[in-house]
Amino acid sequence: MSVIQTVVGATDHYGRAELVTLAARSASPVFLDRRRVELIDKDLPGAPYHHEAPELEIGAAIDLVSRVRRSVAEHASEAISTMLATYHVQALILPASPYERLPDSLEEVLSSHRLTHAADGMLYRESLAEAAADLGMKVLRYPRKTDPMMLAAEAMGVGVTEVNSLVAQFGREAGTPWRKDHKLAAAAALSVLAPRLRP
């Protein structure tokens, strides 16, 4: 893997993700892109593990979850392929999931309250990660419940105030909306680019 010069920070939600793309140019961080991507066909449920599957006969539940997983994988691949083609992105950073992977058996997922609650979020997050890995991009994670602003500050050797200022500058360049999700994604991307940035 060559030195990372361009990175996408991602935050995911049921059915969509917010992507913020930054680059290192002449040892300075540069804002490139902010976009929302839809990760599922509109006619499919966004949280099938938690809502629909437990109410269905197991065969119908497996069929539904399989259709959702295929749709999400296709949307994630299209979204990441677009970022790669447009900006030659080399890495994706996103939060770690609570489990390394979900069991292959839907029955096993549904038998665990914790797994069932985690499964829908993992579906979107891990589909983005798999799409990036399949395209040869480096996939990076930061720990759950960790503030990416702090990670960026530590990686860059600056205070959180400086990171907040940089992220606010990106928001002015991006225009509205520039919400918490975008700020966290941008800060996570900054933490990856830190070795290429001037202190």
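Please refer to the structure higher up on the page.
Residues numbered from 1 in each chain as written. Predicted model: local features only at pLDDT ≥ 70, side-chain atom pairs only at ≥ 80, totals over all residues. Heavy atoms only, no water.

Asks: Describe the environment of Leu56, with residues and values.
Replies: Within the element layout of this structure, Leu56 appears in the loop between helix H1 (48–52) and helix H2 (58–87). Once residues within four sequence positions are removed from consideration, Leu56 is found in contact with Ala61 and Leu64. (Helix = DSSP H or I, 4+ residues; strand = E, 2+ residues; numbered from the N terminus. Contact = heavy atoms within 4.5 Å.)

Asks: Explain the packing of helix H5 (residues 148–156) against helix H7 (residues 180–193) to me, using residue names and the numbers behind them.
Replies: At a minimum axis distance of 8 Å, the contact between H5 and H7 shows a crossing angle of 25°. Relative to H7, the element H5 is oriented roughly parallel. For H5 against H7, the interelement crossing comes out left-handed. Between H5, through Pro148, Met149, Leu151, Ala152, Ala155 and Met156, and H7, the contact on the second element is made entirely by Lys183, Leu184, Ala187, Ala188, Leu190 and Ser191. The residue inventory of the contact of H5 with H7, partitioned by class, reads ten nonpolar, one polar and one charged. (Axes fitted to C-alpha atoms, helices over the stretch in contact; angles between N-to-C directions. Parallel < 35°, antiparallel > 145°, perpendicular 65-115°, else oblique. Left-handed = near helix turned anticlockwise from the far one by under 90°. Nonpolar A, V, L, I, M, F, W, Y, C, P; charged D, E, K, R; others polar.)

Asks: Give a description of the layout of surface pockets that names residues and reports values.
Replies: What the largest pocket holds in volume is close to 480 Å³. Elements represented by at least two residues in the lining of the largest pocket include exactly strand E1 (6–13), helix H4 (113–134) and H7. By residue number, the principal contributor to the lining of the largest pocket is H4, which donates six residues. Of the residues assigned to the lining of the largest pocket, the class counts are eleven nonpolar, five polar and seven charged. Counted as a void, the second largest pocket has a volume near 320 Å³. (1 Å grid on protein atoms, 1.4 Å probe; cavity = no way out; pocket = protein on both sides within 12 Å on 5 of 7 lines; lining within 4 Å. Points joined across faces, edges and corners; volume = space filled by probe spheres on them.)

Asks: Give me the packing of aromatic side chains: which residues, what numbers.
Replies: The tally for this structure, following the rule as stated, stands at three aromatic pairs. Between the aromatic rings of Tyr14 and Tyr124, the centroid separation amounts to 6.4 Å while the plane-to-plane angle is 40°, which identifies the pairing as tilted. Taken as a pair, Tyr14 in the loop between E1 and strand E2 (16–25) and Tyr124 in helix H4 lie far apart in primary sequence, 110 residues in all. The buried category is assigned to Tyr124, whose relative accessible area is 0%. The interplanar angle of 25° and the centroid separation of 6.4 Å between the aromatic rings of Phe31 and Phe170 together place this pair among those described as stacked. Here Phe31 is found in strand E3 (residues 28–38), whereas its partner Phe170 is found in helix H6 (residues 160–174), with 139 residues between them in sequence. By relative accessible area, Phe170 is classed as buried at 0%. (Phe/Tyr/Trp six-rings, centres within 6.5 Å; stacked < 30°, edge-to-face > 60°. Buried < 20%, exposed > 50% of the residue type's maximum accessible area, 1.4 Å probe, protein only.)

In short, the description is geometric, and any link to function would need to be established separately.
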